[in-house]
Amino acid sequence: MKKRHIQKFVVLGIGLWLLFNVPFILLNNEATSFLGIPIFYVYLFSVWILGILISYFIITKYNE
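Treat the numbers as computed from the prediction; the structure is a model and nothing was measured.

1. Details of the overall build of the protein
In terms of helices and strands, the protein carries three helices and two strands. Helices and strands in the protein line up, N terminus first, as α-α-β-β-α. Taking 11 Å as the expected radius of gyration for a compact globule of 64 residues, we find that the protein reaches 15 Å, considerably beyond that expectation. Viewed in the frame of its principal axes, the protein has a C-alpha envelope of about 45 × 25 × 5 Å.

The structure is reproduced here in structure tokens:
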């Protein structure tokens, strides 16, 4: 991988770190639910899956 592709993973890592940081998690720590699932878990797993999909996209598009 080239250096610019590694930089994309660094930016992705920093972005995921910010989204999993305490202030963002506490914003979604409510008693409401979405389709019977608490918003807290929907937020955690959707951010996690989004990070996996973005990294998969980077790997498949820029694999050299």
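2. Focus: a nonpolar patch on the surface
Taken together, the side chains of Ile-6, Val-10, Ile-14, Trp-17, Leu-18, Leu-19, Phe-24 and Leu-27 present a nonpolar region at the surface, about 770 Å² in accessible area. At the level of elements, helix 1 (3-19) and helix 2 (22-27) are the ones that each hand at least two residues to the nonpolar patch. Among the elements that make up the nonpolar patch, the one with the highest residue count is helix 1 (six residues). Within the secondary structure layout, Leu-19 lies in helix 1. Owing to a relative accessible area of 30%, Leu-19 belongs among the partly exposed residues under this scheme.

3. Points about unusual backbone geometry
Its identity is not glycine, yet Leu-35 carries a phi of approximately 55°, on the positive side. Relative accessible area serves as the criterion here: at 76%, Leu-35 is assigned to the exposed category.

4. Re the side chain of Ser-55
Assignment of secondary structure puts Ser-55 in helix 3 (residues 39-62). One polar contact links the side chain of Ser-55 to the main-chain carbonyl oxygen of Ile-52, over a distance of 2.9 Å. The residues touching Ser-55, leaving out its near neighbours within four places in the chain, are Phe-9 and Leu-12.

What counts and how
- Residues numbered from 1 in each chain as written.
- Predicted model: local features only at pLDDT ≥ 70, side-chain atom pairs only at ≥ 80, totals over all residues.
- Heavy atoms only, no water.
- Helix = DSSP H or I, 4+ residues; strand = E, 2+ residues; numbered from the N terminus.
- Rg over C-alpha atoms; globule rule 2.2 N^0.38 Å.
- Patch = residues over 30% accessible without salt bridge, like charges linked within 9 Å, V, L, I, M, F, W, Y side chains within 5 Å.
- Areas by Shrake-Rupley, 256 points an atom, 1.4 Å probe, with all protein chains shown as cover.
- Salt bridge = Lys/Arg side-chain N within 4 Å of Asp/Glu carboxyl O.
- Buried < 20%, exposed > 50% of the residue type's maximum accessible area, 1.4 Å probe, protein only.
- Polar contact = N/O pair within 3.5 Å; in protein donor to acceptor, adjacent residues only side chain to side chain.
- Contact = heavy atoms within 4.5 Å.

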